[in-house]
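Here is what each chain is made of, one letter per residue.
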Amino acid sequence: MPQPSPNPKRRRPVAQYAALAGLFVVAVTYQVRIMEYRFPNWFGHRNVAVVPFLVGESSNDLSIDFLRPEAVAAGLHQGDTLLAVNGRTVTGTKVYGEVMAQAQGGDVLTVTVAPKGSAPGSGGRTARLKLRGSSPGVRTLSLPVAVLLWVVLPVFCLLLGFWVATVRPRDPRAWLLLALMLTFSAFSSPFAESWGPGLRVLGIVYNQSLGALLPFWMLLFGIYFPEPFPAKFRWRWWDWCMWLFGVPLVAFAAANAVVALGQVEDYAPVASLARLLTRTDKATTVLAYAAMSTFFVCLWVKSSMTISRDARRRLRLLYCGATVSFAPVFVLTVVARVIHHTQVEEYFPEWVSLTAYFFLFLFPLTLAYVIVVHKAMNVSVAIRQGLQYALAKGGIRVLRAGISVALITAVVEFLQHSRTNPLRLFTVIAFSVVIGIRLRALGERMRAWTDRRFFRDAYNAEQILAELSENVRGIVETRPLLQTISERIAASLHVPHLAVLIDGSGPYRPAYAVGYNSMPEVVFAENAGTVKRLREEREPARVYLDDPNSWVYRAPGVSEEERATLATLKSELLLPLAARDHLLGFISLSQKLSEEPYSGADLRLLKSVAAQAGLALENSRLTSAIAEEIAQRERLNREVEIAREVQERLFPQKLPEVAGLDYYGKCRPALGVGGDYYDFLALPGGRLGIALGDVSGKGIAAALMMASLEASLRAEAMRGTDDLAALIQNVNHLVYDATAENRYATFFYAQYDPTVRQLSYVNAGHNPPMLFRKGDGTRQVERLEAGGTVVGLLPQFPYRQDVVQLEPGDLLVIYTDGVSEAMNPADEEWGEEHLMEAVERTTGLCAADTIERIMSAADEFASGAKQHDDITLVVLRVLDPA
C-alpha cells in the first residue's frame with residue numbers, strides 16, 4: 001500500500017484569484033462607464049447632450065420611459081413605442097444609443113413614435129426636440145449629492161466586496177458578499193445602449209443579471225452569513241426556501257437578461273418572451289418579496305438560536321441595519337408598483353426616491369461595520385496583518401529581483417561599452433558576485449524584519465517560552481492552564497480557531513476553545529484513527545482535507561465521521577499533548593490568518609509549547625488528584641470519626657447496679673472503629689446479662705455487623721428467658737440472615753443471678769473466659785468453654801449452656817484475642833500466660849483498675865508496636881459480703 005506524501009503543501013487559490021481579477025476588470029469597467037455617463041466633464045467631454053428619455057427601463061418592450069421636460073414639450077408620452085430615430089428604424093435600442101453617443105447639446109433629435117395602445121402597423125407620428133447640453137449627473141441634484149450617490153457609495157461597495165474576497169478566496173461567504181456588493185454598485189442605470197458594440201452587451205447583461213438576482217443574493221446571505229445554520233436540524237426549512245424561491249428567481253433573471261439584450265440588439269426574436277415575462281411580473285414580485293422576507297426570518301432565527309454573545313450582537317446589528325436600509329424602498333415599491341402599478345421614480349418626487357436609495361446603501365455600510373469592527377469573518381486582522389504581510393514579503397522579492405536585473409543590466413552595459421581588459425572583466429564579475437551575495441543576505445534580513453514586524457510574537461520563540469513557563473508555573477487548575485496556553489498560541493501565531501481536547505479518562509472532548517461561537521460539540525474516541533496516529537508518532541500532524549493523499553484519507557482507522565469532525569474544528573494542524581507514555585490530549589489549530597502554512601519554525605515553537613503544556617497539564621492533574629485524595633481521606637476520616645462516636649454510644653454508658661458484684665468493660669479499637677463488642681443488660685429479676693463478641697475483620701464493615709449483633713441480642717435477651725442455648729440459636733439465625741456469607745463473630749454471653757451467685761453462659765466459638773478462684777493461698781483458673789461454634793456462619797447450630805457457681809473473691813476475665821495476641825516489634829505475642837500473670841498482679845484492685853492494669857501490661861510488652869487488632873476486656877469481681 002503506498003504511503004501518503006509527507007506534509008503536502010496547501011494548494012494556492014490560483015483559480016479563485018484569476019476569477020477575482022477578471023471580475024474586477026469587468027466591475028471597474030462598468031463603474032467607469034457609469035461615471036463617464038453621469039459626469040462627462042470629468043473625462044473631457046464637453047457639451048454632451050442630455051438623454052431626453054429612456055427606452056424599455058420599466059417594461060419589456062421598446063416603449064418610452066422617464067421623459068425629461070424637453071421630451072414632454074415635444075409631445076411625447078409615457079408608454080409610446082419608439083419606431084425611428086433620425087430616420088433610422090428602431091429594431092433595438094442600440095439605434096437610439098448610437099445616435100445619442102454622437103449627439104451634442106443644441107442638436108435636434110427627430111423621433112417617430114406610436115401612441116400607447118395603438119395597433120401594430122398603424123403608423124406613427126414624428127416629433128422634433130432640441131437636446132440640452134449639460135452634465136446629466138447633476139440635473140436637479142447638487143454635485144456633492146450626485147458624487148455620493150453615483151461614485152462614493154458604489155466604489156465603497158466594490159472595495160468591500162473585493163477586499164473580503166481577496167482575503168478569503170476559499171470562503172463561499174466572501175463570494176456571496178462580493179455578488180451582493182456588485183449588485184449594489186450596479187444599482188444606477190448605465191444607458192449601456194450608447195457604449196458601442198461589445199461593451200453594451202457586457203453592460204446590459206451585467207446590470208440586468210445583478211439587479212434581478214438581488215433577492216436571490218439576499219436569500220443566500222440570510223442562510224449562510226455570518227455562519228450557516230447548524231447541521232443538527234432534521235427539517236431544514238431554509239433549504240426548501242432556497243429551492244422554492246431561488247430557482248424561479250434565477251430563471252426569471254436569466255430570461256430578463258435575454259430580453260434586455262434583445263431590446264438592445266434586436267427586439268423581434270425576444271418579443272414573445274418579453275410578453276410572457278410581462279404576464280408573470282406579479283409572480284416575480286411575490287417571489288422577490290418572499291426571498292427578501294426569508295432573509296430577515298433567517299437573521300431573526302439565528303439570533304434567537306445562537307448562545308454566543310458576539311454572534312448574537314452581530315446578527316442583531318445586521319438585522320437592524322437591513323431593516324432600516326430596506327424599509328423605505330419596500331414601502332415606496334409597495335405603494336407605487338403594487339397599488340398604482342407604476343415605477344417608484346414616476347410616482348414619487350425625485351427627492352423621495354433618492355432618499356430611499358440613500359437608505360438602501362446603509363446595508364453595505366452595516367455589513368462593513370459587522371465584518372471589520374465586529375470581525376464577523378475575521379477579515380479585520382487578516383487585512384491588517386495577513387494581506388500586508390503577503391504584500392510586504394512579495395515586495396521584498398520583487399525588490400530583490402529588480403535590483404538583480406538592474407545589476408546584471410549595468411554589468412552588461414559596462415562590458416559592452418568598455419574595451420576588453422581581463423583584469424577589468426575579472427574585477428567587474430567579482431564585484432557583481434559580492435553584491436549578489438550581500439543582496440541575498442540583505443533580503444533575508446529584510447524578510448526576517450518583515451516577519452517580526454507583522455508577526456513578531458510568532459518568531460520570538462524564547463520570549464514566548466519564557467513567558468509561558470512563567471505564567472503556567474503557578475497554575476494548578478486545568479481550565480486556567482488551558483486558557484493561558486490557548487490564548488498565547490492563538491495570539492502569537494494569529495490562529496483564529498483553536499480547540500484543546502483532553503481525554504478526561506474517556507473520549508477526547510474539547511475542554512477549551514478560542515474563536516468559535518460556542519464550544520464545539522465533537523468527540524474523538526480513544527481508539528479513533530486520529531488519536532492512534534498522534535499517540536504513536538508524538539509529532540504535529542498537518543490536516544489537508546482537500547488532498548486525497550493526506551493521512552486523513554490514507555491512515556488506517558480514520559473514519560468519515562472523524563474527517564467531518566476535523567472539518568467542524570477547521571483543523572489544519574493537530575498538536576499532541578503527551579506526558580511520559582500517555583497522550584493527555586491534543587490541540588487543533590485552524591489555518592493562520594495570513595493563510596501561510598505552518599513553517600518549520602512554527603512547528604518547533606509549537607512542539608516546545610506542547611512539551612511545556614503536557615508537563616503542566618500532568619502536574620495539574622496530579623495536583624487535582626492529590627487534592628481529591630486528600631479531600632476523600634478527610635471525608636473518610638470524618639466518617640470514621642462519626643462511626644466511632646456512634647459505636648462508643650453503643651457501648652454501655654451506665655452500668656446497672658448489681659448487689660455483691662463489681663464489674664467493668666472497655667474496648668479500644670485498632671482503626672477508630674472496630675468489630676469488638678461488649679454489653680451489660682439489666683434483666684428482669686435483678687439479673688445481669690454480660691456479652692462480649694469479636695466480629696471477623698476490622699473497620700466499618702465489622703462495626704456494622706457488631707451493631708447488628710447487639711440489636712439481635714437485646715431483642716432476644718429482653719424476653720427474660722433462662723434458656724440461653726435457644727437464645728444464642730435465635731441470635732445466630734438473625735445475624736446469619738442480616739450479614740454476608742463470609743462474616744461471622746465469636747461470641748460469649750452469660751447471665752448472672754446475684755441472689756444465688758450463679759453464672760449461666762454460652763460460649764459461641766470465643767476465647768474461653770478465665771475464672772480466677774481463690775484457693776489455699778493460690779488462685780485457680782477455670783475456663784468457660786461450653787457452647788458451640790461462632791454465630792452468623794451457619795444458619796442453624798445446637799448450642800449448649802453451662803452454669804458455674806461463683807464465690808466471694810472470684811474474678812472473671814472475658815477478653816478478645818486482641819489482648820492475648822498483642823505483639824511487640826519482634827512479632828512476638830504477649831500470650832495468655834502473660835495475661836494471667838498480669839491478672840495475678842491486680843489483687844485488691846477494682847474491676848476498672850484491673851482492666852487498666854491489664855491493658856498497660858499489654859502495651860508495655862508491645863513497646864510501641866502498632867495495635868493490629870481491637871482490644872476488649874470485661875472484668876467481674878464477686879465481692880465479699882459486708
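Up top you'll find the structure we're talking about.
Keep in mind that what you see is a predicted model, and the values were worked out from it rather than measured. (Residues numbered from 1 in each chain as written. Predicted model: local features only at pLDDT ≥ 70, side-chain atom pairs only at ≥ 80, totals over all residues. Heavy atoms only, no water.)

Engineer: Before we go on, may I ask you to explain the overall build of the chain in this structure?
Structural biologist: Counting its secondary structure elements, the chain contains 27 helices and 22 strands. Among the 882 residues that make up the chain, the fraction classed as buried is 47%. Pairs at least 24 apart in sequence give 69% of the contacts found in the chain among residues at least 6 apart. Accessible area for the chain stands at about 43,000 Å²; split by element, carbon and sulfur atoms hold 58% of it. (Helix = DSSP H or I, 4+ residues; strand = E, 2+ residues; numbered from the N terminus. Buried < 20%, exposed > 50% of the residue type's maximum accessible area, 1.4 Å probe, protein only. Contact = heavy atoms within 4.5 Å. Areas by Shrake-Rupley, 256 points an atom, 1.4 Å probe, with all protein chains shown as cover.)

Engineer: Looking at this structure, how should I read the pairing of strand β17 (residues 770-774)?
Structural biologist: If a strand is regular, its side chains alternate between the two faces of the sheet. Burial runs high along β17: four of the five residues are buried. Alignment of β17 against strand β18 (residues 779-783), held across five bridges, turns out to be antiparallel. Bridging from a neighbouring strand, arginine 773 pairs with glutamine 780 of β18. Where β17 and strand β21 (residues 811-815) come together, three bridges link them in antiparallel fashion. By the bridge assignment, methionine 770 is partnered in β21 with valine 813. (Pairing = 2+ DSSP bridges.)

Engineer: Can you help me understand the sheet that holds strand β12 (residues 661-668) in this one?
Structural biologist: Hydrogen bonds along the backbone pair up the strands of a sheet, which may run parallel or antiparallel. If you trace the five strands from one edge of the open sheet to the other, you get β12-β22-β21-β17-β18, paired in antiparallel fashion. For this open sheet the edge positions go to β12 and β18, each flanked by a neighbour on one side alone. For this sheet, the mean inter-axis angle between neighbouring strands, taken without regard to orientation, is 15 degrees. Along the sheet face, helix α26 (residues 831-840) touches β17, β18 and β21 and points at about 40 degrees away from the line of β17. Sitting on the sheet, helix α27 (residues 847-862) touches β12 and β22 (871-878), and the angle it makes with β12 is about 35 degrees. (Axes fitted to C-alpha atoms, helices over the stretch in contact; angles between N-to-C directions.)

Engineer: Please explain the packing of aromatic side chains as it appears in this structure.
Structural biologist: Any pair of aromatic rings gets described here by the distance separating the centres and the angle formed by the planes. According to the stated counting rule, one finds 24 aromatic pairs in the structure shown. On the numbers, 5.0 Å between centres and 75 degrees between planes, the contact of phenylalanine 295 with phenylalanine 296 is edge-to-face. Between phenylalanine 748 and tyrosine 761, the aromatic rings sit 5.6 Å apart at their centres with planes inclined by 25 degrees, giving stacked as the arrangement. Pair noted here: phenylalanine 748 is in strand β15 (residues 745-753) and tyrosine 761 is in strand β16 (residues 758-764), with a separation of 13 residues, a long-range link. Classification of phenylalanine 748 by relative accessible area gives buried; the value is 0%. Tyrosine 761 gets classed as buried once you look at its relative accessible area, which sits at 2%. An aromatic cluster is built from Phe184, Phe221, Phe295, Phe296, Tyr319, Phe326 and Phe363, whose rings are joined through pairwise contacts. Across from the ring centre of tyrosine 598, 5.4 Å away, lies the NZ or CZ of lysine 592, which sits over that ring. (Phe/Tyr/Trp six-rings, centres within 6.5 Å; stacked < 30°, edge-to-face > 60°. Lys NZ or Arg CZ within 6 Å of the ring centre and 35° of its normal.)

Engineer: Teacher, can you tell me more about the packing of helix α6 (residues 199-212) against helix α8 (residues 237-265) here?
Structural biologist: The description of two packed helices rests on the angle between their axes and on the distance between the axes. Packing of α6 against α8 leaves a shortest axis separation of 9 Å and a crossing angle of 150 degrees. Between α6 and α8, the interaxial angle falls into the category roughly antiparallel. Of the two elements, α6 crosses α8, and the hand of that crossing is right-handed. Residue-level inspection shows Arg200, Val201, Ile204, Val205, Gln208, Ser209 and Ala212 of α6 in contact with α8, the latter providing Ala253, Asn256, Ala257, Ala260, Leu261, Val264 and Glu265. Broken down by class, the residue content of the contact of α6 with α8 amounts to nine nonpolar, three polar and two charged. (Parallel < 35°, antiparallel > 145°, perpendicular 65-115°, else oblique. Left-handed = near helix turned anticlockwise from the far one by under 90°. Nonpolar A, V, L, I, M, F, W, Y, C, P; charged D, E, K, R; others polar.)

Engineer: I keep staring at the pattern of salt bridges and nothing clicks. Help me out?
Structural biologist: Any two side chains of opposite charge can pair, on the condition that their charged atoms come close. Here the structure, examined in full by the defined rule, presents 21 salt bridges. As a salt-bridge pair, glutamate 710 and arginine 714 come within 3.8 Å of each other at their nearest N and O atoms. Within this pair, glutamate 710 and its partner arginine 714 are both found in helix α23 (residues 699-717), separated by four residues, close to a single helical turn. We classify arginine 714 as partly exposed; its relative accessible area is 31%. Across the pair arginine 719 and glutamate 716 runs a salt bridge whose closest N-O atoms are separated by 3.2 Å. We classify arginine 719 as exposed; its relative accessible area is 62%. Residues joined in a network through salt bridges with shared partners are Arg88, Lys94, Glu98, Arg200 and Glu265. (Salt bridge = Lys/Arg side-chain N within 4 Å of Asp/Glu carboxyl O.)

Engineer: Can you help me understand the sheet that holds strand β11 (residues 582-589) in this one?
Structural biologist: Reading across the sheet, the five strands line up as β8-β7-β11-β10-β9 and stay open at both edges, with antiparallel pairing between neighbours. Because the sheet does not close on itself, it has two edges, and the strands there are β8 (509-514) and β9 (541-542). As paired strands, strand β7 (residues 498-502) and β11 are joined by five bridges and run antiparallel to one another. The residue of β11 that forms the bridge with isoleucine 502 is glycine 585. Sheet strands touched by helix α19 (residues 529-537): β9, β10 (573-579) and β11. Its angle to β11, the strand with the most contacts, is close to 110 degrees.

Engineer: Please clarify how the environment of threonine 183 should be interpreted in this entry.
Structural biologist: Topologically, threonine 183 is positioned in helix α5 (residues 172-185). Placed 23 residues apart in sequence, threonine 183 and tyrosine 206 show a C-alpha to C-alpha distance of 9.1 Å. Setting aside chain neighbours within four positions, we find threonine 183 in contact with Leu210, Gly211, Leu214 and Trp217.

Engineer: Can you help me understand unusual backbone geometry in this one?
Structural biologist: In terms of backbone geometry, most residues other than glycine have negative phi values and most peptide bonds are trans. The phi torsion at histidine 494 lies on the positive side, around 55 degrees, for a residue other than glycine. In this structure, histidine 494 sits in the loop between α18 (478-493) and β7. A relative accessible area of 14% places histidine 494 in the buried class. Unlike most non-glycine residues, arginine 757 shows phi in positive territory, near 55 degrees. Relative to the helices and strands, arginine 757 resides in the loop between β15 and β16. Classification of arginine 757 by relative accessible area gives partly exposed; the value is 29%.

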